[in-house]
Amino acid sequence: MSPNLIFENSKSGELTCCFQGKYLHSKYNPKNEGEKFAANLQADFSPLCIFILEPALSYCAQFLKNRFPNAKICAIRYCKDFSQTDYLWDKVFYLEKQNIISLEEVLFNALGEELLISSLAFDWQPSKSVFPEESFEVWSSLKKAILKARDVIGTRAYFSKRWLKNSLIFAKNINYGFTLEKGDSPVIIAASGPSLKSSLPYLKKYRDSFFLIALSSAFMPLSKNGIQPDILISSDGGFWAKKHLAFPGNASKPFFALEAESAAPIKLLNENKIIPLCYDDGLERDFLDTISVPYMLSERNGTVAGTALCFAHSLTNGKIYLCGLDQCPSPSFQHTQPNALEIDNAKKDFRLSTAETRITKSRFNSAAVLEIYRQWFVSNSSRFSKRVFRLSDNLKYDFSLGEISEVNWEDFKKNETVHRESKKPEFIQRNEGIHGEERENLLLNKLREISKTQKFQNEVFPMDTILIKRELSEEKRLTLKSNLEEKTEKLLKDCAKLIFSSKNQAERNLK
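Reading the values: the criteria
- Residues numbered from 1 in each chain as written.
- Predicted model: local features only at pLDDT ≥ 70, side-chain atom pairs only at ≥ 80, totals over all residues.
- Heavy atoms only, no water.
- Helix = DSSP H or I, 4+ residues; strand = E, 2+ residues; numbered from the N terminus.
- Buried < 20%, exposed > 50% of the residue type's maximum accessible area, 1.4 Å probe, protein only.
- Contact = heavy atoms within 4.5 Å.
- Areas by Shrake-Rupley, 256 points an atom, 1.4 Å probe, with all protein chains shown as cover.
- 1 Å grid on protein atoms, 1.4 Å probe; cavity = no way out; pocket = protein on both sides within 12 Å on 5 of 7 lines; lining within 4 Å.
- Points joined across faces, edges and corners; volume = space filled by probe spheres on them.
- Nonpolar A, V, L, I, M, F, W, Y, C, P; charged D, E, K, R; others polar.
- Phe/Tyr/Trp six-rings, centres within 6.5 Å; stacked < 30°, edge-to-face > 60°.
- Lys NZ or Arg CZ within 6 Å of the ring centre and 35° of its normal.

Enquirer: So what exactly am I meant to see when it comes to the overall build of the protein here?
Expert: Helix and strand counts for the protein come out as 19 helices and 18 strands. The proportion of buried residues among the 511 residues of the protein is 51%. For the protein, the proportion of contacts with a sequence separation of at least 24, taken over those separated by at least 6, is 67%. For the protein, the computed accessible surface area is about 24,500 Å², with 50% contributed by carbon and sulfur atoms.

Enquirer: So what exactly am I meant to see when it comes to the layout of surface pockets here?
Expert: Any empty space left between atoms is shown by rolling a water-sized probe over those atoms. Considering only enclosed or pocket space, the second largest pocket measures out at about 310 Å³ in volume. Around the second largest pocket, the lining comprises twelve residues; the ones closest to its centre are Glu 105, Lys 144, Lys 148, Glu 371 and Ile 372. Among the elements of the structure, helix 3 (103-117), helix 5 (132-173) and helix 12 (355-384) are those that each provide at least two residues to the lining of the second largest pocket. When residues of the lining of the second largest pocket are assigned to their parent elements, the largest contribution, five residues, is made by helix 5. A per-class count over the lining of the second largest pocket returns four nonpolar, two polar and six charged.

Enquirer: Even after reading the chapter, I still don't get empty space enclosed by the protein, so can you show me in this structure?
Expert: Per the stated rule, a full pass over the model turns up one cavity of 30 Å³ or more. The volume enclosed by the largest cavity comes to roughly 40 Å³. As for the largest cavity, its lining consists of Ser 160, Trp 163, Leu 164, Ser 167, Glu 261, Leu 283, Glu 284 and Glu 459. Where the lining of the largest cavity is concerned, the elements lending two or more residues are helix 5 and helix 9 (283-290). Top contributing element to the lining of the largest cavity by residue count: helix 5, with four residues. Looking at the lining of the largest cavity residue by residue, the class counts come to three nonpolar, two polar and three charged.

Enquirer: What am I meant to see in the packing of aromatic side chains here?
Expert: Two descriptors summarise a pair of aromatic rings, namely the distance from one centre to the other and the angle between the planes of the rings. The final tally for this structure, using the stated rule, is 19 aromatic pairs. A ring pair is formed by Tyr 202 and Trp 409, whose centres lie 5.4 Å apart and whose planes are at 10 degrees; its orientation type is stacked. Note that Tyr 202 is positioned in helix 6 (residues 196-205) and Trp 409 in helix 13 (residues 409-414), a separation of 207 residues in sequence. Here the aromatic rings of Trp 409 and Phe 412 are separated by 5.3 Å at their centres, their planes lie at 65 degrees, and the arrangement is edge-to-face. One end of the pair is Trp 409 and the other is Phe 412, both in helix 13 and three residues apart, which spans about a single turn. What makes Trp 409 buried here is its relative accessible area of 2%. Here a set of aromatic residues connected by ring pairs shows up, and it is made of Tyr 202, Tyr 206, Phe 210, Tyr 321, Phe 389, Trp 409 and Phe 412. The lysine or arginine in question, Lys 80, covers the ring of Tyr 94, its NZ or CZ lying 5.7 Å from the ring centre.

Structure, rendered in structure tokens:
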């Protein structure tokens, strides 16, 4: 306990306290003070989450719960001297300056974008006057967390319908389904950061000693150097992701571990060996269950490298190495060459818009995105630290990945014989599910069924559902719900055209 903090009884008999002579609660009736505080808060929408910055002895907590029964009531602490009242809150966060995980990441990981984007925050004013620097730091962290939540919601709103359509295209067209049986060999995940280039000779030399998962953007440089991955993984739903899955010439094709929401060419789904991946909470899981196509669970996060790491963690009891995962801007190309997007973009270069200009712009634009990706690894590093390592040819990275250690190829070589004799994950062919018109009808019926659920609305129309929850006026809320129903009906018609082979079939089955 801080020696500057003094506890004493107030005139009403409840405990109060002061810090360096400044009272954090009323000397007369701190409970009444807490009630007035909760009653006087201004809210022009219905919040899903409320933060109080250092509420000290927490007299306001119960009054906040009474006033906002549908909100999660949270405290953000500057110190641990009031932890005896933490039980009064739904959630308590601490400003811990020594924590490698920033407060904004802690907030985002604990609450998610939907609660943060509909949150309100207030200072407990006596604490703000006593701890002005801490108050400023917490407000700064809250702003960053809410801005990140806004960006994530914006991304979901922009891509959600595309992800749904991708899932239906995937479910309709997948032909050759596989899963994997767990092994104990090392797994190397090849990302396409610039450092991958120096590791290519080692990947080729020791190729028989590990199971190799390549991010789709890393396939071209691996293939050019005669390195065949066991699996190529993709979870990106954007149309540009298909460019990494368009194989040049007679390139040998690996197994594909594809998240059902990802963008993939229909021909690839028809003709290649696919390991279907599904997020535990995703709609695509409903579709694949309906048509009896087996799949493996993956973990949703903002980067395909993160998805690949979680997937690798489920495939082996052995060590996992991250190769080419720089997570910082490069002064030259942002990816090891050749790269499908670079090849495509280079066609547009000319004298007044040079490659150097484009590459420089890409470096500056990628910094913020890479920081978000890096923070995911830092935030989750304690979960993976015991058997996940970043592997390179003695590279000094600009940024660490938290508790994930860095090793070089000499360390890997020391155990090569053991690695070579270990059991790699084994491919198992599964049944191909239901096909033809029966598959199409089942998919449409399942789509109709789940379109009426709150889960569907949250996932496909995130912004609309948030606005409905936030709205105070019942009349406006009904209008928003009506608009959402119209959007849903239009989307169902668009999806039916993807499911059925002809327009007439789609229209007939929608009636």
